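Chain residues, written in single-letter form:
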Amino acid sequence: HIFNAVAETLNLPATGTEGTFHNAVGDELEWSGVLVDSLSIGGAVLPRREILARSFEHERWNGEGFDGILGYDVFGGALFTIDFLSSRVIIESGSLPTPDGIDVLEVLHSDRPTITATVGEARVEMLLDTGATGSASCCRKALRQTCNLSDSRGLSGEGRRAQRN
């Protein structure tokens, strides 16, 4: 997705396709297709494609500090790593080892990066959202009560990089 204003500034031609979708909080937003000849992200160059141009005025961050959103499907066919500690992104060819449920987790749904986690004694599906803050959110009040979750925030543990095949 790209800001309407950015698409206009770049003179991206309209494709004539339009539609609506619901954002993460349920707001219905309108979009229109624009054509980009290429999209370069680091050393990766994606071929000519249609992208969505839309307003970001209803989003909580209102697009401050960026010009659009890259969905994780843009990186299909690549090994995409976010190093949060060093504030870096690595895009490369390769693949991770087979998921073992400990060091390498399986993505449960191909249309969104969802993984299995254990909260207390309950197994839950959690959406990975690199734009979210507050550590973790449980959507269901009953799950929150069942798992006896507190409102304290904090994260502890040790991270390490998975070995590539």
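Parameters at a glance
Residues numbered from 1 in each chain as written. Predicted model: local features only at pLDDT ≥ 70, side-chain atom pairs only at ≥ 80, totals over all residues. Heavy atoms only, no water. Helix = DSSP H or I, 4+ residues; strand = E, 2+ residues; numbered from the N terminus. Buried < 20%, exposed > 50% of the residue type's maximum accessible area, 1.4 Å probe, protein only. Contact = heavy atoms within 4.5 Å. Areas by Shrake-Rupley, 256 points an atom, 1.4 Å probe, with all protein chains shown as cover. Pairing = 2+ DSSP bridges. 1 Å grid on protein atoms, 1.4 Å probe; cavity = no way out; pocket = protein on both sides within 12 Å on 5 of 7 lines; lining within 4 Å. Points joined across faces, edges and corners; volume = space filled by probe spheres on them. Core = buried A, V, L, I, M, F, W, Y, C linked by side-chain atoms within 4.5 Å. Salt bridge = Lys/Arg side-chain N within 4 Å of Asp/Glu carboxyl O. pLDDT = per-residue confidence, 0-100. Patch = residues over 30% accessible without salt bridge, like charges linked within 9 Å, V, L, I, M, F, W, Y side chains within 5 Å.

Novice: With reference to specific residues and values, describe the overall build of the chain.
Specialist: Check the secondary structure of the chain and you find 2 helices and 10 strands. Moving toward the C terminus, one meets the helices and strands of the chain in the order β-α-β-β-β-β-β-β-β-β-β-α. In the chain, which comprises 165 residues, the share counted as buried stands at 21%. Contacts spanning at least 24 positions in sequence make up 38% of the contacts within the chain whose residues lie at least 6 apart. Total accessible area on the chain is roughly 12500 Å²; 49% of this is exposed by carbon and sulfur atoms.

Novice: Mind laying out the sheet that holds strand β2 (residues 14-22), listing which residues take part and the relevant values?
Specialist: Across the sheet, which stays open at both edges, the 4 strands sit in the order β1-β6-β3-β2 with mixed pairing between neighbours. Two strands close off the open sheet at either side, each with one partner strand: β1 (2-3) and β2. Both β1 and strand β6 (residues 49-54) contribute to a ladder of 2 bridges, which runs parallel. Considered in β6, the bridge of I2 is made with A53.

Novice: Lay out the layout of surface pockets with the relevant residues and their values.
Specialist: In this structure, the second largest pocket spans a volume of roughly 160 Å³. Around the second largest pocket, the lining residues are P99, G101, L105, E106, L108, T116, A117, T118 and R123. In terms of residues, the lining of the second largest pocket owes the most to one element, strand β9 (residues 114-119), which gives 3 residues.

Novice: For the nonpolar core, give the residues involved together with the corresponding values.
Specialist: Listed in full, the 10 residues of the largest apolar core are I2, F3, V6, A7, L12, V34, V36, I51, A53 and F56. When contributions to this core are tallied by element, the ones reaching two or more residues are β1, α1 (4-9), β3 (28-36) and β6.

Novice: I'd like to hear about the pattern of salt bridges, residue by residue, with values.
Specialist: Taken as a whole, this structure holds 1 salt bridge when the rule is applied. The salt bridge involving R48 is made with D37; its shortest N-O contact spans 2.6 Å. Here D37 lies in the loop between β3 and β4 (39-41) and R48 lies in the loop between β5 (44-46) and β6, a separation of 11 residues in the sequence. Of the two residues examined, R48 and D37, each falls in the exposed class.

Novice: Go over the confidence of the model for the chain, please, and point to the residues and values.
Specialist: Mean pLDDT over the chain stands at 76; residues scoring 70 or higher make up 73%. Contacts from residues 151-160, a stretch scored under 50 in pLDDT, to residues over four places away or in other chains number 4 contacts.

Novice: Requested: an account of the pairing of β6, with residues and values cited.
Specialist: Across 6 bridges, the pairing between β3 and β6 is antiparallel. Bridge pairing in β6 links W31 to R54.

Novice: Please give an account of unusual backbone geometry that cites residues and values.
Specialist: Phi angles above zero are rare outside glycine, and N11 is one such case at about 55°. Relative to the helices and strands, N11 resides in the loop between α1 and β2. Of note in the backbone geometry, S87 takes a positive phi value of approximately 55° without being a glycine. By the element assignment, S87 lies in the loop between β7 (79-83) and β8 (88-92). A relative accessible area of 67% places S87 in the exposed class.

Novice: Go over a nonpolar patch on the surface with me, naming the residues and quoting the values.
Specialist: A cluster of nonpolar side chains, namely F80, I82, F84, V89 and I91, defines an oily patch on the protein surface of about 430 Å² accessible area. Mapped by element, the contributors of at least two residues to the nonpolar patch are β7 and β8. Looking at where I82 falls in the secondary structure, it is placed in strand β7. Judged by its relative accessible area of 33%, I82 is partly exposed.

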